[in-house]
Amino acid sequence: MAAEPTKAIYVRVPAAVADKLDHVSERLGMSKRDIVTRLVGDRIELGEGLQPVRVWPNDAHQHDDVLSLDEAAALLRVEPDDVREMAEAGEIPARKLGQQWRFSRTALLTWLRAE
């Protein structure tokens with residue numbers, strides 16, 4: 001599998017934020033690039049034409065913690081049918097309410113990050 005193309009970005013952040021990023025990188029054993037990539041990927045959703053659809057500022061996503069099947073699929077960047085199959089098989093955290101599946105955003109992200 002070929003690596004996804006990358007593009008350099010240069011930003012200046014407050015020293016305390018840079019120090020925090022250094023600390024987290026060391027503690028998690030992750031590169032700063034991977035941390036920033038994951039944070040931006042988890043916090044910003046883009047629609048067609050790269051128009052921002054939703055930006056999750058600090059914990060604002062807590063208000064949308066319960067996701068529909070389509071929202072869970074968008075979060076995981078897979079087809080809804082794949083998410084449904086995994087939920088029915090008990091492979092991902094989910095609950096069925098009547099005929100509809102519901103997912104916890106937090107539980108899905110925790111599951112995704114687990115080894």
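Each remark here, short or long, concerns the structure printed above.
The notes below deal with the structure included here. (Residues numbered from 1 in each chain as written. Predicted model: local features only at pLDDT ≥ 70, side-chain atom pairs only at ≥ 80, totals over all residues. Heavy atoms only, no water.)

What follows concerns the pattern of salt bridges. If the charged atoms of two oppositely charged side chains come close together, the side chains can form a pair. Enumeration according to the criterion identifies three salt bridges in this entry. A salt bridge links Arg 33 to Asp 34, with the shortest nitrogen-to-oxygen separation between them at 3.8 Å. By relative accessible area, Arg 33 is classed as exposed at 56%. With relative accessibility at 36%, the residue Asp 34 sits in the partly exposed group. Measuring nitrogen to oxygen at the nearest pair gives 2.7 Å for the salt bridge that ties Asp 81 to Arg 84. Pair noted here: Asp 81 and Arg 84 are both in helix H4 (residues 80–88), with a separation of three residues, about one helical turn. (Salt bridge = Lys/Arg side-chain N within 4 Å of Asp/Glu carboxyl O. Buried < 20%, exposed > 50% of the residue type's maximum accessible area, 1.4 Å probe, protein only. Helix = DSSP H or I, 4+ residues; strand = E, 2+ residues; numbered from the N terminus.)

Here the focus is helix H1 (residues 15–28). Residues that lie three or four places apart on an α-helix share one face, since the helix turns once every 3.6 residues. With 14 residues, H1 should reach 20 Å at 1.5 Å per residue; the first-to-last C-alpha distance of 20 Å fits that figure. Positive phi shows up at Gly 29, right after H1, with a value of about 70°. (Expected span 1.5 Å × (residues − 1).)

Now for the sheet that holds strand S3 (residues 66–67). With respect to topology, three strands assemble into an open sheet ordered S3-S5-S4, the strand pairing being antiparallel. Each of the sheet's edge strands pairs with one partner strand only, and the pair in question is S3 and strand S4 (95–97). Judged from the two bridges that link them, S3 and strand S5 (residues 100–104) form a sheet pairing that is antiparallel. Bridge pairing links Val 66 to Ser 104 in S5. (Pairing = 2+ DSSP bridges.)

In contact at an axis separation of 11 Å, helix H3 (residues 69–76) and helix H5 (residues 105–113) are set at 35° when each is read in the N-to-C sense. Relative to H5, H3 is oriented so that their crossing is right-handed. Contacts between H3 and H5 pair Ala 72, Leu 75 and Leu 76 from the former with Arg 105, Leu 108, Leu 109, Trp 111 and Leu 112 from the latter. Looking at the contact of H3 with H5 residue by residue, the class counts come to seven nonpolar, no polar and one charged. (Axes fitted to C-alpha atoms, helices over the stretch in contact; angles between N-to-C directions. Left-handed = near helix turned anticlockwise from the far one by under 90°. Contact = heavy atoms within 4.5 Å. Nonpolar A, V, L, I, M, F, W, Y, C, P; charged D, E, K, R; others polar.)

So, on to the packing of H3 against H4. H4 packs onto H3 with a crossing angle of 105° between their chain directions and a minimal axis gap of 8 Å. Classed by the angle they form, the pair H3 and H4 counts as roughly perpendicular. Every residue of H4 that contacts H3 at Leu 69, Asp 70, Ala 72, Ala 73 and Leu 76 is listed here: Pro 80, Val 83 and Arg 84. Within the contact of H3 with H4, the residues separate by chemical class into six nonpolar, no polar and two charged. (Parallel < 35°, antiparallel > 145°, perpendicular 65-115°, else oblique.)

Residues Ile 9, Val 11, Val 13 and Val 17 make up a contiguous nonpolar surface patch of about 390 Å² in total accessible area. Here Val 17 is to be found in helix H1. (Patch = residues over 30% accessible without salt bridge, like charges linked within 9 Å, V, L, I, M, F, W, Y side chains within 5 Å. Areas by Shrake-Rupley, 256 points an atom, 1.4 Å probe, with all protein chains shown as cover.)

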